Amino acid sequence: MISRRLVLRAAGVSLALPWLEAFAQGTSPRRFVTVFSPNGTVLDSWAPTRTPMGWALSPILAPLAPFQSKVLVPLQVDLKTATTGPGDGHQRGMGHLWTARALQSSSLFGNVGWASGPSIDQVVASSLGAETALRSLELGVMVTEATVLSRMSYSPAGFPLAPESDPRAVFERLFGAADPLEAARRRANRKSVLDAVLGEFNALSPKVSVADRAVLDAHADTIREVERRIDAVVAPSSTCVRPSEPVTPTGPDSFPQLGALQTDLLALALACDLTRVASLQWSRSASPIVHRWSGVGIEHHELSHHTDDDASARADITTIHRWYAEQFARLLSKLESTPAGGGTSLLDQSVIIWGNELGQGNTHSHRAVPFVVAGGGGGTLRSGLLETNGGSHSELLLACAQAAGAPLTTFGDPSFCQGPMAGVLR
Amino acid sequence: MFDLACRQSPAPTLNPEPVTTVEVSCTSQPAPLRLRRLTRLEWQHSVKQALNVDVTLEIPDDEGLGFSTVAEAQAASVSLAEKLLEAAERTTASMNVGELSPCPLSDTCSPRFIAKLATALFRRPARDDELARLNETWRRLRTTESEDMSARLLTQVLLQSPAFLFRVESTDAGVVDDEAFAIRLAFALTGEGPDDRLRALAASGALVSNQNVRAEAQRLLSTAAARRTIGRFHVEWLGVSSLSRVSRGGPDAGFDDLKPSMEREVAELGAFVTLDDHHLSTLFSGKTTFVDPPLGARYGFAGLEGEGFRRVQLDVLQRSGVLTAPGVLAVWAKSRGTSPTLRGRFVRERLLCGKLPTPPPNVSMTLPAQNGGTTRARFQQHVADPACSGCHQLMDPIGFGLERYDETGAFRLVENGRAIDAHGELTRFDGGFRFEGAEPLGQWLAQSSDVRRCVATQWFRFTMGRAETAGDRCTLDAMTRTLELTDGDVREALLTLVTSDTFRLAGAP
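Because the structure is a prediction, the values reported are computed rather than measured.

Calculation criteria
- Residues numbered from 1 in each chain as written.
- Chains lettered and ligands numbered in written order.
- Predicted model: local features only at pLDDT ≥ 70, side-chain atom pairs only at ≥ 80, totals over all residues.
- Helix = DSSP H or I, 4+ residues; strand = E, 2+ residues; numbered from the N terminus.
- Rg over C-alpha atoms; globule rule 2.2 N^0.38 Å.
- Buried ≥ 20, exposed ≤ 12 C-beta atoms within 10 Å, placed from the backbone.
- Contact = placed C-beta atoms within 7 Å.
- Domains from an automatic or database assignment.
- Nonpolar A, V, L, I, M, F, W, Y, C, P; charged D, E, K, R; others polar.
- Arc of directions from axis to C-beta.
- pLDDT = per-residue confidence, 0-100.
- Core = buried A, V, L, I, M, F, W, Y, C linked by C-beta atoms within 7 Å.
- Axes fitted to C-alpha atoms, helices over the stretch in contact; angles between N-to-C directions.
- Parallel < 35°, antiparallel > 145°, perpendicular 65-115°, else oblique.
- Left-handed = near helix turned anticlockwise from the far one by under 90°.
- Pairing = 2+ DSSP bridges.

With that out of the way, let us pick up the overall build of chain B. The secondary structure content of chain B amounts to 23 helices and 12 strands. Expected size for 509 residues packed as a compact globule is a radius of gyration near 23 Å; at 25 Å, chain B falls within 12% of this value. Projecting the C-alpha coordinates of chain B onto the three principal axes gives extents of approximately 80 × 55 × 50 Å. Taken across its 509 residues, chain B has 51% of its residues classed as buried. Excluding contacts between residues fewer than 6 apart, the proportion of contacts in chain B whose partners are at least 24 apart in sequence is 68%.

This part covers the overall build of chain A. Check the secondary structure of chain A and you find 13 helices and 13 strands. In terms of overall dimensions, chain A is globule-like: its C-alpha atoms have a radius of gyration of 21 Å, near the 22 Å expected for 426 residues. Out of the 426 residues belonging to chain A, those deemed buried represent 58%. Pairs at least 24 apart in sequence give 69% of the contacts found in chain A among residues at least 6 apart.

Residue and element names in this part refer to chain A. Along its sequence, chain A is organised into domain 1 (16–169 + 242–416) and domain 2 (179–240). A straight line from the C-alpha centre of domain 1 to that of domain 2 covers 29 Å. On the domain 2 side, the residues contacting the 10 residues of domain 1 number 9 residues. Tallied by class, the residues present in the side of domain 1 that touches domain 2 amount to 7 nonpolar, 1 polar and 2 charged.

Residues and elements named next belong to chain B. Taken together, the buried positions of helix α19 (residues 438–447) are Ala438, Glu439, Leu441, Gly442, Leu445 and Ala446. Buried residues along α19 cover an arc of 165° about the axis, so they all sit on one side. On the buried face of α19, the contacting elements are α13 (280–285), α16 (340–351), β11 (423–426), β12 (433–436) and α20 (449–464).

All names here are of chain B. The predicted model of chain B averages 90 in pLDDT, with 93% of residues at 70 or higher. Here residues 1–25 is modelled with pLDDT under 50, and outside its nearest four sequence neighbours on either side it reaches 42 contacts, counting other chains as well. The ipTM value of the predicted complex is 0.91, and its pTM value is 0.90.

The next subject is the nonpolar core. Of all hydrophobic cores here, the largest spans 253 residues; its most connected members are A:Val124, A:Leu266, A:Ala269, A:Cys400, A:Ala401, B:Leu185 and B:Val328. With 11 residues, helix α11 (residues 311–336) of chain A is the single largest residue contributor to this core. Every residue in contact with A:Cys400, bar those within four places of it in the chain, is listed here: A:Val351, A:Ile353 and A:Val373.

Bringing the interface of chain A and chain B into the picture now. Taken residue by residue, the interface counts 57 residues in chain A and 55 residues in chain B. Listing elements by their share of the side of chain A that touches chain B, those giving two or more residues are β5 (103–109), β9 (160–161), α6 (167–175), α7 (180–204) and α8 (210–231) of chain A. Broken down by class, the residue content of the side of chain A that touches chain B amounts to 24 nonpolar, 21 polar and 12 charged.

Before going further, it helps to examine the domain arrangement of chain B. Residues and elements named next belong to chain B. If you check the domain split of chain B, you get domain 1 (36–167) and domain 2 (232–359 + 370–447). A separation of 41 Å is found between the C-alpha centroids of domain 1 and domain 2. Per-class residue counts for the side of domain 1 that touches domain 2 are 2 nonpolar, 2 polar and 1 charged.

Moving on: the packing of α6(A) against helix α9 (residues 255–271) of chain A. For any two helices packed against each other, the geometry is given by the interaxial angle and the distance between the axes. All names here are of chain A. Interhelical geometry of α6 versus α9 gives an angle of 15° and a closest axis separation of 10 Å. Relative to α9, α6 is oriented roughly parallel. Of the two possible hands of crossing, α6 and α9 adopt the one that is left-handed. Where α6 abuts α9, its residues Pro167, Val170, Phe171 and Leu174 lie against Leu258, Leu261, Gln262, Leu265 and Ala269. Residue classes in the contact of α6 with α9 are distributed as 8 nonpolar, 1 polar and no charged.

We now examine the pairing of strand β6 (residues 112–115) of chain A. Residue and element names in this part refer to chain A. Pairing geometry for β5 and β6, over 3 bridges, is antiparallel. When the bridges of β6 are listed, Leu103 appears paired with Ala115. Hairpin remark: β5 followed by β6, antiparallel, with 2 residues in the connecting loop; positive phi at Gly110, about 80°.

With that settled, consider the pairing of β11(B). Residue and element names in this part refer to chain B. Side chains Gly424 and Leu426 of β11 all project onto a buried face; the interleaved residues His423 and Glu425 project onto a face where none is buried. Bridge count for β11 against β12 is 4 bridges, and the pairing is antiparallel. Counted as the bridge partner of Gly424 is Phe435 from β12. Between β11 and the antiparallel strand that follows it, β12, lie 6 residues; Gly431 among them carries a positive phi value of about 110°.

Written out as structure tokens, the structure reads:
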């Protein structure tokens, strides 16, 4: 924590560090995005197939057709680390997905507590997050709970990071007030207030126990993040245009509209270089969303537990995941249409991983989990179909982090990570 | 009053689940404490209490052990910091500075204004170093802002300060000091900070006497804030706090509009049983509940008029106790259909405090398709597999007894044209309890010593904001014994808790 603060202060003074060199060499900084959708898949409808000419997308992944050349689909990837540690299938899947470590043993949520290590996005943010207004951006779509099932991002210290599910609040975080005078005034007021608040934290912190101090310091760090955002000014450009202020839709069927708003705001945050690391969490593990707009009238989680020979349920699950693929394509499309210099698009400079906490819902299996890697990673990522034959997902995450330029050599539980997954990097 | 000395023989547990044997210690041992942040509701109540402003803090509740109060589940986040900032701005936008200020607001008056507000919000007299910093902030603000605006911005500082946001406790010689003790007592029973009388008692040293603590606790329990807090406990304990997030029975079931009333019913019933009726058995087998007209119509009470909740007598052929409250039945169900498993798990985990094993990995957890038969028949087929039946035997047969209530909580006698068989069983190593329908199950729970132990345990978790440990055995035994000796007076058990050693102990470092 302390070292990060020092880095931030240094960055504020001199805008130092690797990316300046990258800019000097005319290359665009890389972006790193994790996307989650829940409850496993129907493998037959999800897995792309080889064809004489190459490979063909599947019924679920068909919406990715415009980006097929910029997509890598690793087959038969397992959450191998999820064979360890406590928790039920959903809890382990969600906790392991981006951390690749065992959950803590605790009575907090049945038999488990939070994850025991940082998530890959936050590890990447440790190297990509220093120069931007926001170190990272965690977005959710109807994440209304606060349990281990609804947290996928964990800070470098292993604290869960709550995603923001209100597009109106995200807009406020990214762009603030429209009127420059009002914006300046509010900025000044907020800075005065938060400076004084931090003064209170600084004064109290040394007087309390070590355990209490950790709690106070973690909260104070989030206030510093808010302050840091207040300090930064967005420079509008051809690719960074301030959107109109969204009105947050409400009601049980607002999920698609909320998701579209969050997707667009995420893409814009990257386009404006407000952050280089982001995550998007659709609902939560064991999602209770009823996808009525797709003609499915039963909770997704409930549906995912129907039997394999229930053809109607399999068709509905396929419909739901195809809908998620359409939403993923919307994100890719936004990034593809944003130029990033040198004839490349923001998509070419990005590493985007879309994952799920399960392979199959009705067995809670952590095998053959549906992962899709999209973007060019600045020329570091391959595309196509990749047979991994039971590869460890932590090796996939490591490869993706390296593609984003993070100087990592291992990730998660080291006994499941021998190095970056073969066939991912060029 | 009941003394806290433990007996060597722990109460025998009849739960069939493996129970970890803990050495009974006869003195309470402090568990490690984690700093507690105000919950969403505590924040709102505290703002109302100190500044007389009604404001909504738009954050999700934390959910450790099923409760919003558990410190270990509280995590920092940028989103939280933003919401606290924004809520502080909204609060000060609508606060009445003139009414709160002890003198016409000016630079001369400002130290008194600051001291008054800091003392109100920090739940104790502001310290000298705090006042020095706050007065300095005032001077800085005044270089650009009006007196009124400076007062509002300064209040925003107070609202985001650790002394307001967290329950920082000064501890000495292994116990919390009087100030911190008063704060613990007030939050435990009223969900907000101590009032003037309690603060004065703390300052006078009167709270070292358990007799005084008991008297003060009784006074606090007679307040509206205590009724609200006890209602909230029941809403969280029985799972009804999740009701707002579920969908049940399809879009035409009219379910969504009734959710707030269903939640409120459980709160009203819980508060009534605890504060007015004094018999825990009434919660499980009572013939009375509380409804407003829309919820009453769901129960079949025609012609209720006006607004608000009123006490009604239940139709004993259909309803009995909180097990048959629509909110409880609906939240422990699925979107299209009931779940005997979830309802059984609810009884096992929430009411009996049993631990159920995690489902083994990679076993099929599939439901047979809807086939026009009854849910009971589908579930019986589903657990025929011996790999599943071991655990499901602990849950599903309990839920079978509640099959006369659908996933919206409505009463029914037939499902898909077939008569419902509501025979259920709560399996125990001593042979178990067989019953038909909710009423006998409620009556069994009403007299169960395991339920009384569990209620004591749940209250302990909610109030202390942490899981119980071996060192808390004495206190839990004493609370349970209180329930035994008073025929289930939960209010007395709460008095046992707040006068226990545990309630005074500082955590182990």
